[in-house]
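# Structural features, examined
Letter by letter, the chains look like this.
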Number of protein chains: 2
Amino acid sequence: MLVHTVYFWIKAGAPASAQNQLVADCKQYLAKVPTVQQLFAGPPARTVKREVIDNSYSVGLTVIFDDLAGHDVYQEHPLHLEFVARNKPQWAKVQVYDFE
Amino acid sequence: MLVHTVYFWIKAGAPASAQNQLVADCKQYLAKVPTVQQLFAGPPARTVKREVIDNSYSVGLTVIFDDLAGHDVYQEHPLHLEFVARNKPQWAKVQVYDFE
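Residues numbered from 1 in each chain as written. Chains lettered and ligands numbered in written order. Predicted model: local features only at pLDDT ≥ 70, side-chain atom pairs only at ≥ 80, totals over all residues.

## A closer look at the interface of chain A and chain B
- With 26 residues of chain A in contact, the opposing surface of chain B contributes 26 residues.
- Elements with a minimum of two residues in the side of chain A that touches chain B: strand E1 (2–10), strand E2 (36–42), strand E3 (59–65), helix H2 (68–76) and strand E4 (91–99) of chain A.
- Ranked by the residues each element gives to the side of chain A that touches chain B, the list is headed by E4(A), at 6 residues.
- Residue classes in the side of chain A that touches chain B are distributed as 15 nonpolar, 7 polar and 4 charged. (Contact = placed C-beta atoms within 7 Å. Helix = DSSP H or I, 4+ residues; strand = E, 2+ residues; numbered from the N terminus. Nonpolar A, V, L, I, M, F, W, Y, C, P; charged D, E, K, R; others polar.)

Below, the structure written as structure tokens:
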């Protein structure tokens, strides 16, 4: 099992639609990569504010793979590359966490 | 759907067993809270190093809830409080991300 999580910060000057497009593209492009077992994507939740919570990002994405090999296939897959090409121009910052 | 993710940094002086105990306790305590739909926990993965990847933490935890109400029940549940009491003395830093 490999849990691949990405937090995206969208540029201040990006169109208002950029956040929704990013979430939609996670589901439309990334979720269709064959090695993706599960995929979750969305904006910060309305959980009670606490000092330990970072809710400064625009969209969170968590992808579950069976293993490291599945993750590696995903990184190079045409659907992933197309997702990046479509959305990256709007990204100010991206932070990735992988655990297994 | 609510995705609750926590990254734990264990204190430098903690016993070597602290990391394994933390992962085991996620599964033994937190996964048994009734509102938890799925739970993933483990150390940083051996994915290829990239500048955007933060692998400085000790353990990652991702918990899937049906909704915000399920998350709120979990925060106050005795099993969660016991998990915190058992492990918190070894934590140098905790970072939380919730998205939905």
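## Regarding the relation of the copies chain A and chain B
- In screw terms, the move from chain A to chain B is a rotation of 180° and a rise of 0.0 Å along the axis, fitting with an RMSD of 0.0 Å. Seen this way, the second copy is the image of the first under a two-fold rotation axis.
- Interface overlap between copies: 100% of the residues of chain A at the interface are likewise at the interface in chain B, consistent with a symmetric, same-surface contact. (Least-squares fit on C-alpha atoms with pLDDT ≥ 70 in both.)

## Remarks on the sheet that holds E4(A)
All names here are of chain A.
- With respect to topology, 4 strands assemble into an open sheet ordered E2-E3-E1-E4, the strand pairing being antiparallel. Two strands bound the open sheet, and with one partner strand each, they are E2 and E4. Here the strands of the sheet are splayed against their neighbours by 15° on average, with no regard to which way each runs.
- Pairing of E1 with E3 involves 7 bridges; the strand directions are antiparallel. Bridging from a neighbouring strand, Tyr7 pairs with Gly60 of E3.
- Each of E1, E2 and E3 is contacted by H2, which is oriented at about 35° to E1, the strand it contacts most. (Pairing = 2+ DSSP bridges. Axes fitted to C-alpha atoms, helices over the stretch in contact; angles between N-to-C directions.)

## Thoughts on the sheet that holds strand E1 (residues 2–10) of chain B
Residue and element names in this part refer to chain B.
- Taken in spatial order, the 4 strands of this open sheet run E2-E3-E1-E4, and their pairing is antiparallel. At either end of the open sheet lies a strand with only one pairing partner, and these are strand E2 (36–42) and strand E4 (91–99). Ignoring which end each strand starts from, the neighbouring axes of this sheet average 15° apart.
- Where helix H1 (residues 18–28) meets the sheet, its contacts fall on E1, E2 and strand E3 (59–65), and the angle it forms with E2 comes to roughly 170°.
- Contacts between helix H2 (residues 68–76) and the sheet are confined to E1, E2 and E3, with E1 contributing the most and set at about 35° to the helix.

## Looking at the packing of helix H1 (residues 18–28) of chain A against helix H3 (residues 78–87) of chain A
Residues and elements named next belong to chain A.
- Orientation of H1 relative to H3, taken along the N-to-C sense of each, is 175°, at an axis distance of 10 Å. In terms of their interaxial angle, H1 and H3 are classed as roughly antiparallel. Each of Gln21, Leu22 and Asp25 in H1 lies in contact with H3, whose residues at this interface are Phe83, Arg86 and Asn87.
- Among the residues forming the contact of H1 with H3, the class breakdown is 2 nonpolar, 2 polar and 2 charged. (Parallel < 35°, antiparallel > 145°, perpendicular 65-115°, else oblique.)

## Here's the deal with the confidence of the model for chain A
- Across chain A, the average pLDDT comes to 97, with 100% of residues at or above 70.
- Confidence metrics for the complex model read pTM 0.96 and ipTM 0.95. (pLDDT = per-residue confidence, 0-100.)

## Description of the environment of A:Gln37
All names here are of chain A.
- Structurally, Gln37 can be placed in strand E2.
- Given 13 C-beta atoms within a 10 Å radius, Gln37 is considered partly exposed.
- Gln37 sits 35 residues away from Leu2 along the chain, and the two C-alpha atoms are 10.0 Å apart.
- Residues within four places of Gln37 in sequence aside, it is in contact with Ile64, Phe65 and Asp66. (Buried ≥ 20, exposed ≤ 12 C-beta atoms within 10 Å, placed from the backbone.)

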